[in-house]
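Notes for the structure review
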Amino acid sequence: MKPIWWQLGLGLASLVGLVALLVQSTVPRMPGMTITGGMPMDGNGNPNGRMPGMTMPMGKVATRDAHALALLPSGQVFFGHHDGVQRFDSQQGLWRDTLRQSDYDAMNLAWDGERLIVAGHGVYAESRDLSLFRDLKPRGLPGGDLHGYAVNPSDPRQHYLWEVVGGLYRSDDGGATWKGLAGRGLPRGVHTLAVDGENRLYAGGAGLGLYRSTDGGRSFAPVDPPETDVLALGVGADWKLYAG
């Protein structure tokens, strides 16, 4: 069994190692706040080895909050916030709107190998060209308030989500149809989900701590976290679990 590695705080997490969400929070962000990636730098802002906890700014954001961050295998970085989705322009060092719409609450961003999926408060959409988004109309969900979303890296057609009214759901056809899961032992109030390379499903939330399922979401057991507020989960290419 591969070990769990905790990484608390964006400055300590290697962005390149996370093909998943690293920032998922309902805490408001002040316009102009800088998002940082996992490139260490010295006191003058220059890259300098691999000093833990030191990062190089990726660019300031001018949004009212920050919800989700996704790194694609191509190296493109997308940022979800309360009014849409932005993409990082590495040439100019700027975040540019990919989708801008008031209250388009992109709480979750997930990549399934072919599509960038956006899920949030009344939002469920996909983009195959990473430019235009198409609303999805799934079957089997009681509502559209999606607080957590995860794709199984071992089976990209297997998706999990947490719907506020109905709880935990799984899709085996890429999100077209959903079936409820018992989720025994998992409290309400889930904010984030992640699946590791051994098909273990993790769930966290504000004041919830961390829970793990080894049977596809039918039952959960608590995992002793370093803190009770777990608002972000990501699984790196090395299968380590990162939490923040």
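The preceding data block contains the structure.
What you are looking at is a predicted structure, and each value in this text was computed from that prediction instead of being measured. (Residues numbered from 1 in each chain as written. Predicted model: local features only at pLDDT ≥ 70, side-chain atom pairs only at ≥ 80, totals over all residues. Heavy atoms only, no water.)

Read across the sheet, 4 strands follow the order β11-β12-β13-β14 without closing on themselves; strand pairing throughout is antiparallel. Only two strands of the sheet have a single neighbouring strand rather than two, namely β11 (146–152) and β14 (179–180). Pairing of β11 with strand β12 (residues 155–163) involves 6 bridges; the strand directions are antiparallel. Pairing of Ala150 across the sheet is with Tyr160, part of β12. (Pairing = 2+ DSSP bridges. Helix = DSSP H or I, 4+ residues; strand = E, 2+ residues; numbered from the N terminus.)

Another point: the nonpolar core. Counting residues in hydrophobic clusters, the biggest one holds 15 residues, and the most contacted among them are Phe78, Val85, Tyr104, Leu109, Leu116, Val118 and Phe133. Listing elements by their share of this core, those giving two or more residues are β3 (68–71), β8 (116–120) and β9 (123–127). When near neighbours in sequence (up to four residues on either side) are disregarded, Leu116 contacts Leu72, Phe78, Leu109, Ala110, Trp111, Ala125, Glu126, Ser127, Leu130 and Phe133. Counting residues in each nonpolar core, the second largest holds 14 residues, with Tyr160, Val195, Leu201 and Ala203 among its members. (Core = buried A, V, L, I, M, F, W, Y, C linked by side-chain atoms within 4.5 Å. Buried < 20%, exposed > 50% of the residue type's maximum accessible area, 1.4 Å probe, protein only. Contact = heavy atoms within 4.5 Å.)

Let us look at the sheet that holds strand β15 (residues 192–195). An order of β15-β16-β17-β18 is seen for the 4 strands of this open sheet, with the pairing classed as antiparallel. Pairing within the sheet leaves two strands with one partner each, and these edge strands are β15 and β18 (221–223). Geometrically, the sheet is characterised by an average inter-axis angle of 30° between neighbouring strands, direction not taken into account. In the sheet, strand β17 (residues 209–213) pairs with β18 via 3 bridges, with the strands oriented antiparallel. Bridging from a neighbouring strand, Leu210 pairs with Val223 of β18. (Axes fitted to C-alpha atoms, helices over the stretch in contact; angles between N-to-C directions.)

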